[in-house]
Amino acid sequence: MTNVVQLPGSVYDHPKLYDVLFSASWKAEIDFLHEMLRRASAPGKTASIFEPACGTGRLLWRLAKEGHDVLGLDLNPIAVNFCNDRLRRHGLPESARLGDMTDFSLATLERRKPFDLAFNFVSSFLHLTTESQAMAHLECTARAVKSGGFYLLGLHLLPDGEAHCSRESWTTRRGALALSSRLERLRIDTTRRQETVRFRIEAKTPNRHYAVCDTFPLRTYSAAQFFRLLRKIPDWEVAGTFDFTLDWTKPIPVDARSEDVVFVLRKH
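Residues numbered from 1 in each chain as written. Predicted model: local features only at pLDDT ≥ 70, side-chain atom pairs only at ≥ 80, totals over all residues. Heavy atoms only, no water.

S.K.: Even after reading the chapter, I still don't get the sheet that holds strand β2 (residues 48–52), so can you show me in this structure?
M.R.: Backbone-to-backbone hydrogen bonds join strands into a sheet, with any given pair of strands oriented parallel or antiparallel. Judged by pairing direction, the sheet is mixed, and its seven strands sit side by side in the order β4-β3-β2-β5-β6-β12-β11 without closing on themselves. The sheet terminates laterally at β4 (96–98) and β11 (236–242), the two strands that pair on one side only. Adjacent strand axes in the sheet meet at a mean angle of 20°, parallel and antiparallel pairs treated alike. Bridging between β2 and strand β3 (residues 69–74) involves five bridges; their strand directions are parallel. Pairing of proline 52 across the sheet is with leucine 73, part of β3. (Pairing = 2+ DSSP bridges. Helix = DSSP H or I, 4+ residues; strand = E, 2+ residues; numbered from the N terminus. Axes fitted to C-alpha atoms, helices over the stretch in contact; angles between N-to-C directions.)

S.K.: Looking at this structure, I do not really get unusual backbone geometry. What am I missing?
M.R.: Across the chain, the bulk of peptide bonds are trans and the bulk of non-glycine residues have phi less than zero. In this model, alanine 53 sits at a positive phi of 55°, which is unusual for a non-glycine residue. Following the sequence through the fold, alanine 53 ends up in the loop between β2 and α3 (60–65).

S.K.: Is there a simple way to think about the environment of alanine 107 in this case?
M.R.: Within the secondary structure layout, alanine 107 lies in the loop between β4 and β5 (115–120). For alanine 107, a relative accessible area of 61% translates into the label exposed. For the pair alanine 107 and alanine 144, spaced 37 residues apart in sequence, the C-alpha to C-alpha distance is 9.6 Å. (Buried < 20%, exposed > 50% of the residue type's maximum accessible area, 1.4 Å probe, protein only.)

S.K.: Just to check I follow, could you spell out the environment of aspartate 19 for this structure?
M.R.: Here aspartate 19 lies in helix α1 (residues 15–21). Between the C-alpha atoms of aspartate 19 and cysteine 83, which are 64 residues apart in sequence, the distance is 10.0 Å. Not counting the four nearest positions on each side in its chain, aspartate 19 is found in contact with Thr56, Arg58, Phe82, Arg86 and Arg174. A polar contact of 2.7 Å, which involves the side chain of aspartate 19, links it to the side chain of threonine 56. (Contact = heavy atoms within 4.5 Å. Polar contact = N/O pair within 3.5 Å; in protein donor to acceptor, adjacent residues only side chain to side chain.)

S.K.: Would you mind showing me how to read the sheet that holds strand β8 (residues 177–189) here?
M.R.: Overall, mixed pairing links the five strands, which are arranged β1-β10-β9-β8-β7 in an open sheet. Pairing within the sheet leaves two strands with one partner each, and these edge strands are β1 (5–6) and β7 (167–174). In this sheet, strand β10 (residues 209–219) lies alongside β1 in parallel orientation, the contact comprising two bridges. Bridging from a neighbouring strand, valine 5 pairs with tyrosine 210 of β10.

S.K.: For this particular structure, what's the right way to read the nonpolar core?
M.R.: What tends to happen in soluble globular proteins is that the nonpolar side chains get buried as a cluster. Ranked by size, the top nonpolar core spans 51 residues in total, and within it Leu17, Phe125, Leu138, Leu155, Leu157, Tyr221 and Phe226 carry the most contacts. By residue number, the principal contributor to this core is helix α5 (residues 131–144), which donates five residues. With residues near it in sequence (within four places) discarded, leucine 17 still touches Leu7, Leu177, Leu179, Ile201, Ala203, Tyr210 and Val212. With 29 residues, the next largest nonpolar core counts Leu33, Trp61, Val80 and Leu152 among its residues. (Core = buried A, V, L, I, M, F, W, Y, C linked by side-chain atoms within 4.5 Å.)

S.K.: For this particular structure, what's the right way to read the pairing of β2?
M.R.: When a strand is regular, its side chains alternate between the sheet's two faces. Most of β2 is tucked away, with five of its five residues classed as buried. What you see with β2 is no split at all: Ser48, Phe50 and Pro52 on one side and Ile49 and Glu51 on the other are buried throughout. One crossover worth recording links β2 to the parallel β3 by way of α3, and it is right-handed. Here two bridges tie β2 to β5, and the two strands are oriented parallel to one another. (Right-handed = clockwise from strand over helix to strand, strands pointing away.)

S.K.: Explain the packing of aromatic side chains to me, please; I cannot follow it from the model alone.
M.R.: Pairs of aromatic rings are described using the distance from one ring centre to the other and the angle between the two planes. Counting across every chain of the model gives 16 aromatic pairs. Seen in terms of ring centroids, phenylalanine 50 and phenylalanine 115 are 5.0 Å apart; in terms of plane orientation they differ by 20°. Their pairing is stacked. You can see phenylalanine 50 sitting in strand β2 and its partner phenylalanine 115 sitting in strand β5, a full 65 residues away along the chain. By relative accessible area, which is 0% here, phenylalanine 115 ends up buried. Look at tyrosine 151 and tryptophan 236: their rings are 6.0 Å apart centre to centre, the planes differ by 40°, and that puts the pair in the tilted class. (Phe/Tyr/Trp six-rings, centres within 6.5 Å; stacked < 30°, edge-to-face > 60°.)

Listed below in C-alpha cells is the structure:
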C-alpha cells in the first residue's frame with residue numbers, strides 16, 4: 001500500500017488542494033451573487049465586489065471575467081499569490097491584496113469608491129476568535145460598502161447553543177486528482193465561545209498519495225449570539241437569510257435550531 005506523505009504547513013498553504021475541494025459549489029454561489037447585485041441596484045452593469053478572506057479567489061476570477069471590478073483580501077501570502085497568478089493567466093488585473101480582515105479601509109485597499117457588494121461564504125468569519133475582532137471586521141466592511149449595498153456572510157451556527165455535529169466530510173475530483181477531507185471538532189467550550197477543530201485533506205493521483213492536516217480555533221455563535229453582535233454594529237441590518245444551498249427563491253427563518261446560514265446584511 002502506498003505510504004501517505006504528510007505535507008508541511010497549514011491547509012491554507014496548499015491553495016490548489018483547497019481550491020479543488022471547494023470548487024463544486026461555485027455555480028450556486030455565482031447565481032446568488034448575481035441576484036444580490038440585482039437587489040443592490042447594480043444590474044446590467046459592471047459592479048464592484050469585495051471578498052475579505054478571499055483565499056484562492058475561486059469566485060473572484062469568474063466575476064472578473066464577467067467584467068466586474070473585484071478585489072480580494074487575505075492574510076495568507078501563498079493564497080494571495082495563487083489568486084493573482086490565476087487572474088493574470090486569464091488576462092485580468094491582479095486584484096488580491098495581502099491584509100488583515102479586521103483592519104482595512106478604502107484607503108489601504110487603494111479604492112476611491114465603496115463597493116456595491118461584499119461576500120464571505122465559507123465561515124472564514126469564525127476565525128475571528130474574539131468579540132473585538134468580529135466587531136472590527138464588521139465595522140471595516142461597513143465602511144467599505146456603499147449605502148444600500150450588501151455583505152453576504154455565511155457561517156455555521158451552534159443549534160440551541162450546543163454542538164450537535166462533530167464532523168463533516170467531502171470528496172471531489174478534478175482530472176486525475178482525487179480529494180477527500182474531514183473537518184472534525186476536537187473540543188468545544190461554549191462558555192469561552194471557542195472550539196478547536198482539525199481539518200485534514202487527503203489527495204491521490206496515479207503516482208502520489210499525500211495529505212495535509214491543520215488544527216485551529218474558531219469562535220462559536222448561536223443564532224441569538226450572532227444577532228446580539230449585529231445589534232452593536234448599527235450600519236448593518238439583516239435583509240434576508242438563506243441556507244447553504246444558496247437558493248435565493250427560498251429564504252429561511254433563523255431561530256435557535258439554525259445551523260448553516262448565509263446572512264444578507266444591508267448597509268444603511
